[in-house]
Each structure stands twice: as structure tokens, then as C-alpha cells.
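Coordinate inspection notes
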Amino acid sequence: MTAFEFVLLLFNEVPGQRIEGRTKLQKVAYFFGLHLGMGGVLGYRAHYYGPYSAEVADAASMLVSLGFLNETVPSGTLEGQGFERRKYVYALTEEGKEAATVISRHAEPGFINRLQDAVRELHAVIESDYVPLSFAAKVLWITKGRLGSETERIQENAEAVGWKLDDAQVTDARGFLNALNERGFHFA
Amino acid sequence: MPDATIQIRDPIHTFISLDAEQAKIVDSPLFQRLRHIKQLALASLIYPGALHTRFEHSLGVFHVACEMLRRLGLENSTDARAVRFAALLHDLGHGPFSHVSEQSLNMFADRGSLPAEQKNEKIHELITAKLIREDPVIIRVIGEDTAETVVRLLNDWDGDPVMQAIISGPLDADKLDYLLRDSYFCGVAYGRFDSAQLLRSFRCVDKQLVLERSGMTAFEQYALAKHYITQNVYRHKGRLITDEMITRAIALGIRVDKIPAMEKLYGFNNSAAFYKNYIQWQDARFLTEFSGKKARKGKCKQILDRLMARRLFKRVFSVDLDRFPVEIKAELSRYTETPENLGMRIRIERGVADVLSSDSGMGKVDPDLVIFKCVRSKPICDLALNDGVVLVNDKARLTPIEECSRFLRAVSKNGAGGGVDVEVYAPVDWKDHAKRDAFCDGFSARIMDAIKAGVRERTGHDGI
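Description of the structure in this document. (Residues numbered from 1 in each chain as written. Chains lettered and ligands numbered in written order. Predicted model: local features only at pLDDT ≥ 70, side-chain atom pairs only at ≥ 80, totals over all residues.)

As for the overall build of chain A
A tally of regular secondary structure across chain A gives ten helices and five strands. Here the C-alpha atoms of chain A give a radius of gyration of 16 Å, agreeing with the 16 Å that 2.2 N^0.38 yields for 188 residues. When its C-alpha atoms are laid out on the principal axes, chain A stretches across 50 × 40 × 25 Å. Here chain A holds 188 residues, and 47% of them are scored as buried. (Helix = DSSP H or I, 4+ residues; strand = E, 2+ residues; numbered from the N terminus. Rg over C-alpha atoms; globule rule 2.2 N^0.38 Å. Buried ≥ 20, exposed ≤ 12 C-beta atoms within 10 Å, placed from the backbone.)

Quick notes on the interface of chain B and chain A
Each side of the interface is counted separately: chain B has 35 residues, and chain A has 32 residues. If you tally residues by element for the side of chain B that touches chain A, the top one is helix α17 (residues 326-333) of chain B, at six residues. (Contact = placed C-beta atoms within 7 Å.)

Some details on the packing of helix α3 (residues 54-71) of chain B against helix α4 (residues 80-89) of chain B
Geometry of a packed helix pair, given as the angle between the helix axes and the separation of the axes. All names here are of chain B. Relative orientation of the contacting elements α3 and α4 amounts to 155°, with a least axis distance of 7 Å. Considering the angle they form, α3 stands roughly antiparallel to α4. As α3 packs across α4, the resulting crossing turns out to be right-handed. On α4, the residues that touch S58, V61, F62, A65, C66 and L69 of α3 are A80, V83, R84, A87 and L88. The residue inventory of the contact of α3 with α4, partitioned by class, reads nine nonpolar, one polar and one charged. (Axes fitted to C-alpha atoms, helices over the stretch in contact; angles between N-to-C directions. Parallel < 35°, antiparallel > 145°, perpendicular 65-115°, else oblique. Left-handed = near helix turned anticlockwise from the far one by under 90°. Nonpolar A, V, L, I, M, F, W, Y, C, P; charged D, E, K, R; others polar.)

Some words on the sheet that holds strand β5 (residues 314-320) of chain B
Residue and element names in this part refer to chain B. Spatially, the three strands line up as an open sheet ordered β5-β9-β6, and their pairing is antiparallel. The strands lining the two open edges of the sheet, one partner per strand, are β5 and β6 (371-377). Ignoring which end each strand starts from, the neighbouring axes of this sheet average 25° apart. (Pairing = 2+ DSSP bridges.)

Brief notes about the pairing of strand β3 (residues 202-205) of chain B
Regular strands have side chains that alternate between both faces of the sheet. Residues and elements named next belong to chain B. Looking at chain direction, β3 and strand β4 (residues 208-212) are connected through four bridges and run antiparallel. In the sheet register, F202 faces β4, and the bridge partner there is L211. Hairpin connection, β3 to β4: the antiparallel pair is bridged by two residues, and D206 has positive phi, about 50°.

Considering the sheet that holds strand β8 (residues 397-400) of chain B
Residue and element names in this part refer to chain B. Spatial strand order, β3-β4-β7-β8: four strands in an open sheet with mixed pairing. In the strand order of this sheet, the two ends are held by β3 and β8, each with one partner. Here the strands of the sheet are splayed against their neighbours by 50° on average, with no regard to which way each runs. Bridge count between β4 and strand β7 (residues 391-394): three bridges; the pairing is parallel. What sits directly across from E212, in β7, is N393.

Quick look at the structure:
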């Protein structure tokens, strides 16, 4: 399965078939991609805003170009806080829904069920705001799922890739990841 | 950087300076091989000046990387030496006709020979890594540890992000060289931008490569340059056709003509014998061996002979994917040139050959010489950002450039400039544009039907 297919199928399963924010889209695809064993295909790398996949970004913009996703910037979403000044909202179009049906026929047996289970069980990923989700993704990237690592060690390793994480952010991220873990999240 | 001992003239950067150890790498047989691999394959059949090679491009990337390190104040940092060598060696694994070989390697590689974590990797990148790690000259000059750092910089870097940004990213040294170089040698003005101003605005903040606001206009110009050169050079229909003809010649050489030397060249199996053979090949040997007087007669030679005589296939069909019904559009939106999709492609090409044979006055058209292609274009903004993020130092706050640039926001609306064109190339001839238009108009609807039929007629499960 390609990143293009994965992102389309992901949109087809998330509540409301929409994701708000480019950072949120990146992080949601990161968590579900890892959980479903898509890490190698999505090719995430450490970026200023956390794990980032050029393939996911490319997939989203191609889906917009093809009319399978609608991209809007609702008025009044210019932020002074956070690091995302403008909220891009992505929603599956009617044509996108039909395309997802066609493409889901090519998925390996059981994949759609696993994706649906993941969306149901790991709903915290979808419900979370992009800022804490971004910290959680950074901690997951640094620890590779070994959440027992010392906070100082995590901060040192984060610093090496240009990320600043304070104690509270690490603690919150650890709590978030532990909760996901209890609901069956696979770290690798 | 240590004292330069060698100054090399370059049409893009005027002088490129090498120190003694860099010169030793450039003089190595493996690096000299790049002199014989053209940067843009057979683009010279369209743009006669496009005869530049991976050799001078690699030197150019090295030069830009050195400039970037200097501007960022990182000349003496821990990984600076490795960054310079990564820039110099980044194209070492290219085969004959550069990117054309990449496609064929990906198509014919035995991925079963690779460890699990490498099964999704691009084959030419694995080749580059292997050559850097094992070439005796490279190891002797730069040492095993630096060679390993170079490989990590080119593939899977987990160190200082700004170092990787110089080698791979929206503003990497590779792009800052090839746009200017390809533009110069093709004789077009499309790829030009104010590189001096762009470089001058680079800063390193929080270990990120960022632009000062003074570089924004130069970046906007760079975005347009990338878009225009892509449309007019990289995606020029004649250039696409020459690439596709070589790719098809290789595929037929392996599948139909069963040429042992071609099977050996593209049948990547990660063995020492594969690498030993691979580095002996470059453009001229490829053409001599597979199209010369002693070449095996067959379909591969037939296509290469046409290329040598510049009797290019013609584009007989080009339609926006949006014009297809949604189920066909969905199927073709996921189409990539991989072994999994081979069955569908062959069905489509047979169908189109039947259409062309029936009424074109050319007799029977060989379906092996009909080429079906989905040409993807990235939206203008994504093309410039390389699907990444460019940060601007905006009042001491790092901000994505499209948030600071109204121009980039305007060209990124609704995926502007992005999409897929469905195209077919075939060995047909016409004498003038009027005849071409009449030919294409006459066959368009029937070719479209043949494509739809080929997509719908699934034989077995094309699994993903």
C-alpha cells in the first residue's frame, strides 16, 4: 500500500471524514501508520514540528488536486497561539468517498478492519489537539516506545534534533502514550 | 575548509575549490564514471545543449554545500566534513541515463534479497550507500567512520537537522545546483532565480535551516523557477518520451529479448557480483552494447535504434485524469509503474494498439511499442517545498513560509498546478501539426474507451 492509498483510506474512517490542521494530519497519520505497520512506507523524519512525512504531505496535496479531498481555511482560524497560524481543514469529498471504496478493494485482507478497530480504540489520537499530539509524537519518536526512559535523557535526545520539551510536556506525553498503549497501540 | 589546492572552472559557480582529499575522491575511478552519465539522459534530443553530466553536477552540489556551511557558520562543526563528502558523492549510484535506470532497477530488483528494513528503499540509493561504504579509494581517503556518516546523511540521518537540510530538503544543495545547471545547459531561462540572495538569507536557528525575511522574494522566484523548469524541461513531452522509450527498451530487453547483459545490469540482487558489474556501465557502453552493430536483434534494439536516429514515438493521447469516470479515476490515481500494476498496463496497451491498428493506416501496431503513462504533477507550492516545510525567521519566531508569503498562499490554493495526465505514446508518424491534431482527435474517444476497458478488465488481484 502506498502513502496515497493509506491517507485516503484513513480519511474514509476517521469521524466526520475530516481532519483539522496540517500538523494534526501529519501526527494522526504518524500514530495510525505506526500502529498498522506502515512506518516504512510513510518514511517519517524528525522535523521542527515533530515527526513529519513528505509522503503524507504529498498524498494529501495530490488528493486535494484530484478533488478527493477538500481543503479550506475557515475564517477566524488565524491563531496567535500555538505554532500553526492558519488552520487548514481537510474533508473527504463525495468523489473521495467513492474513490476510497474503489481503493479499499485493493487493500490486503483484514486491513480495513484493523484500521477501523484502530480508529475506534485509539480515538484519543483523533480527539487530541495538535499541540499535545505533537509533543506525544516527539516523545514517541525519541523513546521509540520505551516510555520508562528518564525525562532528562528524553530532553537531551530531543535537543539533539532541535526539539525543546519541558518536564510537563514530557510527563503529559508519557501519560498520553501509556493510555494509548493500554488500548492496544503498537509502537513499531 | 582546509586550503584549496585545486580550482575547477564551472559555468554556474565560476570556480569550485577542492582540497587534497576531496581531489583524491574526484580522481577515483568510481567518481570519474559520473563523467559518462548524462544528467538528463537523452534530453539533448530535445535541448541539444543538455549534454552535462552527473560529474559536474556533483561538483556543483559540493560547492553549494560548502557555501551553505560557510553562510551558516558551520564550516568547522563536527559533521561538516561528512556533509561536504555527502554532497560530492550523493549521485554515485546512478546508472546509465540517470533516473531512467532508477525506474528499471526498481522494476527488476529482487527485493527478496534485501533485509526487511530495506525492502521499501529505492534501489539506486542502496547502491550509492554500498559503493560509499566499500569503495577502497573512498574508504582510504575519508575513513570508515566518515563514510558511515555520509551514508546516514544521505539516507537515515538522526543527527543535527541543519546538516541534513543541506543534503536533503526543500533548500538542499542538490536543488540549488540542478535548477541553475539544467537551465543553463538546456538553454532555457525557466530555472533561474536569485541564488546569491537566497544563500545570503540562510540562517541556522534551533538547529534548523531557516530563511531571513530578506530571502522570501528569492524563494518565491525559486518556487516559480522549479514549476516552470518542471513543466518545460523535466515534463517536456519529447523528454518524457525519450525516457519512456529507454525504459521500455530495457523492459523488453529483459522480458522479451532476454538479453543476459541487461538482465545482469538491472537484476539487482545485492550481491558483490551485481555491484562489480554495475559500476562498469555508463551511457555510451549501454548504447554500444544494446544498439550497436553487435547488439542482439530484437525489440530492445529496435527502440534504441529509433532513439539514435531521433525517430521518437509520438504522444497520441493526453487527457486530464479528471475527465475519466470516478471509478477509473480512482484506479488510475493509485497507478504506479511497479510489477503489481504490470497486468493492467499491458491490457491497456494492447487495447490501444488494437485501436491504432484498426484505422490508422499504419498496419498492425505492436502493443509492446505502445506506452501507457500517468504523468503526475505536484501542486506549485508543494513542488517548491518538496513536500517539506521551509521556515522563516519572522520576528524571532520560526514560521512556515507560506504563512508569511501571500504569493505562496495564492499558488497553493486547492492544489493549484497539481494533477495527473493520462498519456499514451506510440510509434506513429505525422507530417505536420494539422495532421497530428486530426490523428489525435480522431482516436481520442476510442483510446479513452480502451483505457477504461483495460482498467475494468481485472484479471486476478492486483494487490497492494
